[in-house]
Every structure is written in structure tokens, then in C-alpha cells.
Amino acid sequence: MTENLPSTDIINATQDAVINAASSVVEAIENTAHGFGPEPFYLEAEFWVGAAFVMVVLGLARPIGKALIAALKHRQEIIAKSLKDAVCLKEDAQRLLAEYERKFRSAEKEANDILLKSEREIENLKKESLAKLDVEMKIKENETKARLKAAENNAAREIAENTADLTVKIVKKILHDSMTEKVKSQMIDASINNLKKM
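Residues numbered from 1 in each chain as written. Predicted model: local features only at pLDDT ≥ 70, side-chain atom pairs only at ≥ 80, totals over all residues. Heavy atoms only, no water.

## Concerning the overall build of the protein
Then step 1. Along the backbone of the protein there are three helices and zero strands.
Then step 2. Summed over all atoms, the accessible surface of the protein reaches about 17,200 Å², with 63% contributed by carbon and sulfur. (Helix = DSSP H or I, 4+ residues; strand = E, 2+ residues; numbered from the N terminus. Areas by Shrake-Rupley, 256 points an atom, 1.4 Å probe, with all protein chains shown as cover.)

Following this line, the structure appears as C-alpha cells:
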């Protein structure tokens, strides 16, 4: 309790206690002197005990007061230092909190930027892939059409060749079967004449 009082209050309280003690001693001496007759108070042992007590209290009041004041000042310095350290720690904590909040906002912004950039890149890649696929499909379609056309042409040529061969064979067979030896001989002669003219 005394640690919370200011130093002047402690000294005043000590002085009041000493004065009260001295008043109590004087009162006790007066009561004793009245009870035993006209004997002077300074001859009584109680008077000297009380006086010695008062002197000891007065003699110790100053050093004890100084010690209490020194202890209180030391305690006050410790508390002031603790408060100063606490204020510094609070300021450091607030600065760190502000820095971490700033870093968090920055990291969140960077993450959003990266996400948006990735989405744009994915969209661009998707468009490029679709464009490439479209081009490849058109190329494949053109190649397929060209192959089909070539196959149709080959088939038509083969059919024409086979038809021509078959027609020649049929015509030969029909001519062979229907011609007489005389007609054959005339045709051979006509062919030889045509060759000579050439």
C-alpha cells in the first residue's frame, strides 16, 4: 500500500505517526503523574522510555524516509522503464501488423493478377488451338476430297480401260465369229494398202 503513495505523503504519514505516539506517551505520563502524587514526570521511568521511543522514532524517521523514497524512486524507474518498453513493443507490433497487412494485400493482388493472366493465357491458348484445329480439319478435308477425286478418276480410268478392252475383245470375237474368210482377206488387204500409203 505504501508503494503506491507519493514520497511526500509517506513522510507526512510518518511524522503524524510519530506525533501521535509522542502525544500518547505524554498523556500516559500525565496520567501516571496524577495517580502517584506530586512527583515530577521526568523522574518516572515511563517518561524516559517514552522519550527514548520518540527520539528513536525521530532518529529513524529520516533514514527510513530516505530509504522508502529511494525504494519508491527505484520502483518508479522500473515501472517507467517497463511502460516505455511496453510502448515500444506496442509500436513495433503495430508496425509489424501494418507491414504484414500490406504484404498480405500485395500478395493477394499478385495472386489475383496471376490468376487473371493465367485465365487470359488459357483463353488465348484455347483460341489458338481451336484455330489450328480448324485449319488442320480444313487441310484434312481438302486432302480427303483430293484423294476421293483421284480415286474417282482412277476408278473411271480403270473402268474406261476395262470397258475399252472388253469392248475390243467383244468386237473381235463378234467379228471373228461373223466374218467369213473372204471378208477377212479383204480387210487384211485394205490394211496393207493403207500402210503402204502412209
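## Quick word on the pattern of salt bridges
Then step 1. Evaluation of the coordinates by the stated rule reveals seven salt bridges.
Then step 2. Residue Glu 99 pairs with Lys 103 through a salt bridge whose shortest N-O separation is 3.3 Å. A residue pair is termed a helical-turn pair when its members lie 3 or 4 positions apart in one helix, as Glu 99 and Lys 103 do in helix α2 (residues 45-178) at four residues.
Then step 3. Given a relative accessible area of 29%, Glu 99 falls into the partly exposed group. (Salt bridge = Lys/Arg side-chain N within 4 Å of Asp/Glu carboxyl O. Buried < 20%, exposed > 50% of the residue type's maximum accessible area, 1.4 Å probe, protein only.)

## Considering a nonpolar patch on the surface
Then step 1. A cluster of nonpolar residues, Val 56, Leu 60, Ile 64 and Leu 68, forms a patch on the protein surface that exposes about 320 Å² of accessible area.
Then step 2. Residue position: Val 56 is located in helix α2.
Then step 3. Residue Val 56 is classed as partly exposed on the basis of its relative accessible area of 48%. (Patch = residues over 30% accessible without salt bridge, like charges linked within 9 Å, V, L, I, M, F, W, Y side chains within 5 Å.)

## Re the confidence of the model for the protein
Then step 1. Here the protein averages 80 in pLDDT, while 85% of its residues score no lower than 70.
Then step 2. Confidence scores differ between elements of the protein, with helix α1 (residues 7-36) showing the lowest mean pLDDT of 69 and α2 the highest of 86.
Then step 3. Predicted confidence for residues 1-5 stays below pLDDT 50, and this span has six contacts to residues more than four positions away or in other chains. (pLDDT = per-residue confidence, 0-100. Contact = heavy atoms within 4.5 Å.)

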